[in-house]
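The residues making up each chain are set out below.
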Amino acid sequence: MTANLDSNDTVAAPEEPPIRVMALHALLYCERLFYLEEVEGLYEADERVYAGRRLHEERVPKLDDDSRELRSFEVSSESLGLFGKVDAARIRDGDWVAYEHKKGRCKRVSSSDKTPMAWPSDRLQVAAYAMLLEEQLGQTVTQGRIRYHQDNVTVRVPIDDLIRAEVRAAVEMMRRLRRSGDRPPVSDNEKLCRRCSLRVICLPEEERITVQPEGARDRATLFPSRRDRRTLHVTTVPATVKRSARQLHVETDEGTKKIPMEQVDAVVLYGGAQITSQAIAACVHEKVAVQWVTTGGRVTGMVETPGRVRQRIRQYTALTQSDICLQLARVTVVAKIQFQLQYLLRGTRGNEIARAAAQADIEMIRRAVSRAEKSESLDSLRGEEGIAARHYFSSFNQLLSDRVAASLRMNGRTKHPPRDRLNCLLSYGYSMIFGLVQRTILAIGLEPAFGYFHQPRTTAPPLVMDVMELFRTLLWEMPLVGSLNRGQWDETSDFEIYPGHVWLSDEGRKKAITLFETRLTESYRHPYTDQSLEYGRMVELELRLLEKEWSGSSGAFGQLRIR
Ligand code: SF4
């Protein structure tokens, strides 16, 4: 028998690479899901995806008779424009049949008629495999079978002209979407989003809030409120991070600590801490960031994974437009100054002496906010930011309790290098925010070197500098002031004093990292999405909202404030 392909078969242009058959699932589920996965390369394997993979690895049963069989093999077709891996193909009644194995349940005809049926996307997928198979074998395949393991049933799918036309139409649609530079809009069907593996990246509810501010706010957002992984800070020297199976082993003079890979979102190596290339490769594979930081807290490098081309082109296109840059810079500077203002107001509330001492600075910061809101240039925003920072740090001591030693109080802001203990603490905390923002920017696929406000004057990536402005007060100044007021810093053992600069000692560094990591586990109610989430999730949420500013819906980025 010969393959029964129509003469008007879709012919892929030579430059159009074939598309995964698996992508048909995404397409039928939601066009935006297809675009995010297949065009932008954004995958998020949740438990359902892992379970499906395990099923394919473990449970495709072998035949117990002498029938001819092919198992788990690659098929592709330039003319059809598809490629994939067929679970199994078997001879049944003299004809080849394509088999698909699914972990879940089958569809039923109706609530009263429980006859098993294939889900539409499974039906299309098995038909595509059958068409690929017949091209490869040169024989007609007239049937596909789908095994639903949870129901223990097999559904037969006839491969007729109708379904062949559906497969070709779907391929055409996928090609059209792939040529488009824009993400399709979020699905109208909110139920789909709740089960979607890419909801964390897509943020459909946050997008609906910007389009329909009323009503949408009542719906739960789908962004996870807690980090399910933690950052591994390797501060001890000598130390070497190795990989063994699915664990990271941190070897030091004191012994070996074993941490399961799935519990780690980043490995941060301080000073001379080492990591093997096997461990780096495993981290890249598992999307675990690897970052090198000096003992002084400066980020010197990190491992970057390739890809995300479309995302970056959209970012470049947007951030070369001065009006978009100005708008984002205005949002960022206003948010930063508002944080400083609100923190000074909150920190001096109920303390008449401190409030009176800070009042003049508070007024100046208030005016800077209102001018920044109307600023029409990046230079004027830089001016307002500078004015606000001067007045904020001028009153910083009003946030500190009388019990805080004079050596730990503000005596003017100094940075490169910090000349006193408080400046040393501030700079170290800002470096940790820098590292976190940089890791997150790379993890979600943006380009850190392309920002909207800071100029590329140093090696520091401008987008990291831009976005970290939102987090200085929230993630570091507030917990630092709290810890100073609780008397948690020792002016002798936590610092190393040199002529002209002050560093943290090993002990001080560990204390700072612990304070920062603890802050990341505390919760905050986001005023825009009205969702309570850990500070550690906040950076990713803001960056994903930032990307939305040039990917379909704007207005949600930079709206976080102190309540
Ligand atoms: S979250 Fe919703 S809109 Fe976004 S890709 Fe998934 S189904 Fe589509």
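Residues numbered from 1 in each chain as written. Predicted model: local features only at pLDDT ≥ 70, side-chain atom pairs only at ≥ 80, totals over all residues. Heavy atoms only, no water.

Looking at an unreviewed UniProt entry, one finds the protein chain named CRISPR-associated endonuclease Cas1, with Novipirellula galeiformis as its source organism. What UniProt states about the protein chain under its Subunit (unreviewed entry) heading is, verbatim, "Homodimer, forms a heterotetramer with a Cas2 homodimer." (UniProt positions renumbered as here; feature names shortened; annotations may be inferred.)

Caption draft 1: Expanded view of the pairing of strand β11 (residues 247-252). Two strands pair when backbone bridges link them, and strand β10 (residues 239-244) and β11 are joined in this way by six bridges, in the antiparallel orientation. Across the sheet, the residue bridging to Lys-242 is His-249, located in β11. Between β10 and β11, which pair antiparallel in sequence order, lie two residues; one of them, Ala-245, sits at a positive phi of approximately 50°. When β11 meets strand β12 (residues 255-260), the two strands line up antiparallel, connected through six bridges. The residue bridging Glu-251 from the neighbouring strand is Thr-256, located in β12. The antiparallel pairing of β11 with β12 creates a hairpin that spans two residues between the two strands. (Pairing = 2+ DSSP bridges. Helix = DSSP H or I, 4+ residues; strand = E, 2+ residues; numbered from the N terminus.)

Caption draft 2: Expanded view of the sheet that holds strand β16 (residues 299-302). Here four strands make up an open sheet; going across it, the order is β9-β13-β15-β16 and the pairing mixed. Two strands close off the open sheet at either side, each with one partner strand: β9 (230-234) and β16. When the angles between neighbouring strand axes are averaged without regard to direction, this sheet yields 20°. Bridge count for β9 against strand β13 (residues 264-270) is five bridges, and the pairing is parallel. Following the sheet pairing, His-233 is matched in β13 by Val-268. (Axes fitted to C-alpha atoms, helices over the stretch in contact; angles between N-to-C directions.)

Caption draft 3: Up close: unusual backbone geometry. For Asn-152, which is not a glycine, the phi torsion comes out positive at approximately 60°. Here Asn-152 lies in the loop between β7 (143-148) and β8 (153-158). By relative accessible area, which is 53% here, Asn-152 ends up exposed. The phi angle at Leu-203 is positive, at roughly 50°, despite the residue not being glycine. According to the relative accessible area criterion, Leu-203 is buried, its value standing at 0%. (Buried < 20%, exposed > 50% of the residue type's maximum accessible area, 1.4 Å probe, protein only.)

Caption draft 4: Region of the structure containing the site of the ligand. In the vicinity of the ligand, the contacting residues are Tyr-29, Cys-30, Arg-32, Leu-33, Val-186, Ser-187, Cys-193, Cys-196, Arg-199, Cys-202 and Pro-204. At the level of secondary structure, the elements contributing two or more residues to the shell around the ligand comprise α2 (31-39) and α7 (199-202). Here the residues of the shell around the ligand are counted per class, giving eight nonpolar, one polar and two charged. (Near = heavy atom within 4 Å. Nonpolar A, V, L, I, M, F, W, Y, C, P; charged D, E, K, R; others polar.)

Caption draft 5: Fine view of helix α17 (residues 472-485). Over its 14 residues, α17 runs 18 Å from end to end, which matches the ideal 20 Å to within 8%, given 1.5 Å per residue. Buried residues dominate α17, accounting for twelve of its 14 residues. Of all the positions in α17, only Arg-472, Thr-473, Leu-474, Leu-475, Trp-476, Glu-477, Met-478, Pro-479, Leu-480, Val-481, Ser-483 and Leu-484 are classed as buried. Gly-487 sits one or two residues past α17 and shows a positive phi near 70°. (Expected span 1.5 Å × (residues − 1).)

Caption draft 6: Fine view of the sheet that holds β10. The four strands lie next to each other as β12-β11-β10-β14, forming an open sheet whose pairing is mixed. Each edge of the open sheet carries a strand with a single partner, namely β12 and β14 (274-275). Of the strands in this sheet, β10, β11 and β14 are in contact with helix α10 (residues 277-285), which crosses β10 at around 60°. (Contact = heavy atoms within 4.5 Å.)

Caption draft 7: Region of interest: the environment of Ala-443. Checked against the element boundaries, Ala-443 lands in helix α15 (residues 421-444). Once the C-alpha coordinates of Ala-443 and Ala-289 are considered, the two residues, 154 residues apart in sequence, prove to be 7.4 Å apart.

Caption draft 8: Region of the structure containing the UniProt feature "binding site: Mn(2+)" (unreviewed entry) in the protein chain. As annotated in UniProt, the feature "binding site: Mn(2+)" (unreviewed entry) corresponds to Glu-385, His-454 and Glu-469 in the numbering used here. Spatial clustering of the annotated residues is evident: they stretch over 85 residues in sequence, but the largest pairwise C-alpha distance comes to 12.0 Å. With respect to the helices, strands and loops of the structure, His-454 is situated in the loop between α15 and α16 (462-468). Not counting chain neighbours up to four residues away, the residues in contact with His-454 comprise Pro-462, Met-465, Asp-466 and Glu-469. For His-454, the side chain forms a polar contact with the side chain of Asp-466, separated by 2.6 Å. Tracing the chain through its elements places Glu-469 in the loop between α16 and α17. Residue classification places Glu-469 among the buried residues on the basis of a relative accessible area of 4%. Leaving out residues up to four positions away in the same chain, Glu-469 has contacts with Thr-332, Lys-336, Glu-385 and His-454. (Polar contact = N/O pair within 3.5 Å; in protein donor to acceptor, adjacent residues only side chain to side chain.)

Caption draft 9: Focus on the confidence of the model for the protein chain. Of all residues in the protein chain, 89% have pLDDT values of 70 or greater, and the mean over the chain is 86. The low-confidence segment residues 1-11 (pLDDT under 50) makes 28 contacts with residues lying over four places distant or belonging to another chain. (pLDDT = per-residue confidence, 0-100.)

Caption draft 10: Broad picture of the packing of α15 against helix α18 (residues 506-521). At a minimum axis separation of 10 Å, α15 and α18 run at an interaxial angle of 50°. Judged on the interaxial angle alone, α18 and α15 are oblique. Viewed along their axes, α15 and α18 form a crossing whose handedness is right-handed. Counted together, Tyr-428, Met-432, Ile-433 and Leu-436 of α15 and Arg-509, Ala-512, Ile-513, Phe-516 and Leu-520 of α18 form the full contact between these two elements. (Parallel < 35°, antiparallel > 145°, perpendicular 65-115°, else oblique. Left-handed = near helix turned anticlockwise from the far one by under 90°.)

Caption draft 11: Region of the structure containing the side chain of Ser-121. Here Ser-121 is to be found in helix α4 (residues 120-137). Among the polar contacts listed, one links the side chain of Ser-121 to the side chain of His-25, at a separation of 2.8 Å. Non-local contacts of Ser-121, meaning those with residues more than four positions away in its chain, are made with His-25 and Leu-28.

Caption draft 12: Here's a closer look at the pattern of salt bridges. The final tally for this structure, using the stated rule, is 28 salt bridges. The closest approach of N and O atoms between Glu-376 and Arg-330, which form a salt bridge, is 4.0 Å. Placement of the pair is Glu-376 in the loop between α13 (352-373) and α14 (378-394) and Arg-330 in helix α12 (residues 322-347), with a sequence separation of 46 residues. Of the residues examined, Arg-330 reaches a relative accessible area of 16% and is grouped as buried. Among the charged side chains, a network of salt bridges with common partners joins Glu-40, Arg-183, Arg-314 and Glu-547. (Salt bridge = Lys/Arg side-chain N within 4 Å of Asp/Glu carboxyl O.)

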